[in-house]
Protein chains: 2
Amino acid sequence: MAHSGGPVLVGAGGRGATDVVGGEARTADRILEAALLSFASRGYGGTSFDALADALGIRKQSILYWYPSKEALLQAVVDQAAADLSDALESSLSRAGDGWARVEAVVRSVFRLGSARPELLGLVREAVRLGPPAATRLIGALGPLVDRAAAFLQVEMSSGHMRQHEPRLLLLAIYSTVVGMITEVDVLRALGEEPDARSLVRRRQEILRLLRSALVLEPAS
Amino acid sequence: MAHSGGPVLVGAGGRGATDVVGGEARTADRILEAALLSFASRGYGGTSFDALADALGIRKQSILYWYPSKEALLQAVVDQAAADLSDALESSLSRAGDGWARVEAVVRSVFRLGSARPELLGLVREAVRLGPPAATRLIGALGPLVDRAAAFLQVEMSSGHMRQHEPRLLLLAIYSTVVGMITEVDVLRALGEEPDARSLVRRRQEILRLLRSALVLEPAS
DNA sequence: CCGGCCACCTACCACATGGTAGACAGTGCG
DNA sequence: CGCACTGTCTACCATGTGGTAGGTGGCCGG
């Protein structure tokens, strides 16, 4: 990811400029971050260069200097988000443990990710809605991770620790449930209620309990 | 809902003109249908009057004749969708039966709805993303239904047929899972694969199995 | 036959959008 | 100093947007 500075080349759609020089983030990265937030919350179509630039205190032409087009910016945002997601999930997936404990660890890390950086999950949603090429890139980048997770689940199911299900379907169900819980905050907010942190934690506990009862095959009593 | 024809008044934002005159749908309804499809797939911001009008073979000013503004059109679409959703879920919720059978009936009806009219679920997603007032209207309209479903689940759990969970949370989890399965089609499509109907049916069966194992408390053997 | 109304149209507008061209300050280097 | 280069800016443009003003054909009741 080392990038000597300077504008992003058109070719592969610019993943560059992730470096930080001093205490202050480079402009290209600040743009990336702001774009991620805006794409995730207001959508791709709802995001304008002017609004982005305003939020950053710069002019839109400076954005176009770093990213030659809106599509290139989206591509860069998606690639960055895919890398961040991969990193976050990778580490929790690589941790020791087996059976439910490990599943729970991954789910917890998704919860944490959804709290700390909800825009990442929002971008996934937006990318899927946009379809190719954004969706293809993102899902493609996450593919290997999904494969590993599916393989793990397969082993657990075969060894009798979990109920038999199609692994990738199971993964999607888990993902949907967890993301649904995070989106729930949006629903509540849409209704005007501002959910407090304590109740959210309680709800997560309950979701874990729910998932557990769905997945874990208790040893015959 | 009877509407004598003529443009929608500004006031409450135009829910009118649901009537059908002959074999041909009224223009106002055709607009509503096309707008629903577009809002759900391309989003509110990604939908333009020109594109809508083109798809309908009319001019955009005709749309503005029936719906005085884009926001009014969205409102009308949301209200109509809320009514359709309510109707579809209402009937399955009112059917006889208890315990898992009744839950399964509702889930199946959501599946069916998601197949027949995926745009309805897409609009829910979009409305939540847009926030008030669209989200408030839609969720508000669906509120009573959710209450009834929650009450039913509460009874089932109290009587020992189901595992104890917070009813509304449980509903959201079920909804997320089911919708996630439907959105899965989008994911596959984003990857270029066109899922065949047979495998989708199989997947639904498995989702039902998964939900069942999560919810139903088997009588002690 | 005719006036009025309904539904749709053409013509137009102000504005925001993504994108281009080029000027200008700052910096490092020979 | 002179020069090239980098990053940001001002100025501008073509296009597409939601929305307005007003015209027109068809159909109706009188």
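An account of the accompanying structure is given in this report. (Residues numbered from 1 in each chain as written. Chains lettered and ligands numbered in written order. Predicted model: local features only at pLDDT ≥ 70, side-chain atom pairs only at ≥ 80, totals over all residues. Heavy atoms only, no water.)

Things to note about the overall build of chain A
Okay, step 1: Helices and strands together make up the secondary structure of chain A, namely nine helices and zero strands.
Okay, step 2: N-terminal to C-terminal, the α/β element order of chain A is α-α-α-α-α-α-α-α-α.
Okay, step 3: Pairs at least 24 residues apart make up 65% of the contacts formed inside chain A by residues separated by at least 6 positions.
Okay, step 4: When the accessible surface of chain A is summed, it comes to about 10700 Å², and 57% of that surface belongs to carbon and sulfur atoms. (Helix = DSSP H or I, 4+ residues; strand = E, 2+ residues; numbered from the N terminus. Contact = heavy atoms within 4.5 Å. Areas by Shrake-Rupley, 256 points an atom, 1.4 Å probe, with all protein chains shown as cover.)

Concerning the protein's contact with DNA strand D
Okay, step 1: The environment of DNA strand D is made up of 19 residues, and the closest members are A:Thr27, A:Gln61, A:Ser62, A:Trp66 and B:Lys70.
Okay, step 2: A share of 61% is what sugar and phosphate atoms reach among the atoms of DNA strand D within 4 Å of the protein.
Okay, step 3: At 2.9 Å from a phosphate oxygen of DNA strand D is found a main-chain nitrogen or oxygen belonging to B:Phe49.
Okay, step 4: Residue assignment for the surface near DNA strand D shows that the elements contributing at least two residues are α3 (60-66) of chain A together with α2 (49-56) and α3 (60-66) of chain B.
Okay, step 5: A total of four residues in the surface near DNA strand D trace back to one element, the largest contributor, which is α3(A).
Okay, step 6: For the surface near DNA strand D, a count of residues per class yields six nonpolar, eight polar and five charged. (Near = heavy atom within 4 Å. Polar contact = N/O pair within 3.5 Å; in protein donor to acceptor, adjacent residues only side chain to side chain. Nonpolar A, V, L, I, M, F, W, Y, C, P; charged D, E, K, R; others polar.)

What to know about the protein's contact with DNA strand C
Okay, step 1: Taken together, 18 residues are adjacent to DNA strand C, and A:Lys70, B:Thr27, B:Gln61, B:Ser62 and B:Trp66 come closest.
Okay, step 2: Within 4 Å of the protein, the contacting atoms of DNA strand C are 60% sugar and phosphate, with bases supplying the remainder.
Okay, step 3: A:Phe49 is positioned with one of its backbone polar atoms (N or O) 2.9 Å from a phosphate oxygen of DNA strand C.
Okay, step 4: Contact distances for DNA strand C include 2.9 Å between a base nitrogen and a side-chain N or O atom of A:Lys60.
Okay, step 5: Put simply, the parts of the chain that give the surface near DNA strand C at least two residues each are α2 (49-56) and α3 of chain A together with α3 of chain B.
Okay, step 6: With four residues, the single largest contributor to the surface near DNA strand C is α3(B).
Okay, step 7: In terms of residue class, the surface near DNA strand C is built from five nonpolar, eight polar and five charged.

Focus: the interface of chain A and chain B
Okay, step 1: Between chain A and chain B, the contact holds 36 residues from the first and 37 residues from the second.
Okay, step 2: Carbon and sulfur atoms make up 67% of the surface buried where chain A meets chain B, a total of about 3200 Å² over both sides.
Okay, step 3: For the interface between chain A and chain B, the tally reads two salt bridges.
Okay, step 4: Note that A:Glu126 is salt-bridged to B:Arg129, the shortest N-O span being 3.4 Å.
Okay, step 5: At the junction of chain A and chain B, the tally comes to seven residue pairs in polar contact (both at pLDDT 80 or more).
Okay, step 6: Secondary structure elements with two or more residues in the side of chain A that touches chain B: α1 (27-42), α6 (118-130), α7 (134-158), α8 (167-190) and α9 (197-215) of chain A.
Okay, step 7: The residue makeup of the side of chain A that touches chain B, split by class, is 16 nonpolar, nine polar and 11 charged. (Buried area = accessible area lost by both parts, 1.4 Å probe. Salt bridge = Lys/Arg side-chain N within 4 Å of Asp/Glu carboxyl O.)

Some points on the packing of helix α4 (residues 70-94) of chain B against helix α5 (residues 99-116) of chain B
Residues and elements named next belong to chain B.
Okay, step 1: Relative to each other, α4 and α5 sit at 150 degrees, their axes nearing to 9 Å. The orientation of α4 relative to α5 falls into the category roughly antiparallel. The interaxial crossing formed by α4 with α5 has right-handed handedness. When α4 is examined against α5, the residues Leu85, Ala88, Leu89, Ser92 and Leu93 are found in contact with a partner set consisting of Arg102, Ala105, Val106, Ser109, Val110 and Leu113. (Axes fitted to C-alpha atoms, helices over the stretch in contact; angles between N-to-C directions. Parallel < 35°, antiparallel > 145°, perpendicular 65-115°, else oblique. Left-handed = near helix turned anticlockwise from the far one by under 90°.)

A word on the packing of aromatic side chains
Residues and elements named next belong to chain A.
Okay, step 1: Counted by the stated rule, this structure contains four aromatic pairs over all chains.
Okay, step 2: Between Tyr65 and Trp66, the ring centres sit 5.2 Å apart and the planes meet at 80 degrees, which makes this aromatic pair edge-to-face.
Okay, step 3: Here the basic side chain of Arg102 rests over the ring of Phe152, its NZ or CZ set 4.4 Å away from the ring centre. (Phe/Tyr/Trp six-rings, centres within 6.5 Å; stacked < 30°, edge-to-face > 60°. Lys NZ or Arg CZ within 6 Å of the ring centre and 35° of its normal.)

Points about the pattern of salt bridges
Residue and element names in this part refer to chain A.
Okay, step 1: Under the counting rule described, the total for this entry stands at 16 salt bridges over all chains.
Okay, step 2: Residue Glu90 pairs with Arg148 through a salt bridge whose shortest N-O separation is 2.5 Å. Of this pair, Glu90 sits in helix α4 (residues 70-94) while Arg148 sits in helix α7, placing them 58 residues apart in sequence.
Okay, step 3: With a relative accessible area of 32%, Glu90 lands in the partly exposed category.
Okay, step 4: By relative accessible area, Arg148 is classed as partly exposed at 34%.
Okay, step 5: Here the residues in one salt-bridge network are Glu33, Asp84, Arg117 and Glu119, joined through shared partners. (Buried < 20%, exposed > 50% of the residue type's maximum accessible area, 1.4 Å probe, protein only.)

Side note on the relation of the copies chain A and chain B
The two chain copies are related to each other by a rotation about an axis together with a translation along it.
Okay, step 1: Take chain A, turn it by 180 degrees, move it 0.0 Å along the axis, and it overlays chain B with an RMSD of 0.0 Å. The superposition of one copy onto the other is thereby described by a two-fold rotation axis. Among all C-alpha atoms of chain A, that of A:Ala214 lies closest to the rotation axis, at 1.9 Å. (Least-squares fit on C-alpha atoms with pLDDT ≥ 70 in both.)

Let's talk about the packing of α4(A) against α7(A)
All names here are of chain A.
Okay, step 1: Orientation of α4 relative to α7, taken along the N-to-C sense of each, is 10 degrees, at an axis distance of 9 Å. If you check the angle between α4 and α7, you find them roughly parallel. Seen from α4, the contacting residues are Leu74, Gln75, Val78, Asp79, Ala82, Leu85, Ser86, Leu89, Glu90, Leu93 and Ser94; seen from α7, they are Ala134, Arg137, Leu138, Ala141, Leu142, Leu145, Arg148 and Ala149.
Okay, step 2: The class makeup of the residues in the contact of α4 with α7 is 12 nonpolar, three polar and four charged.

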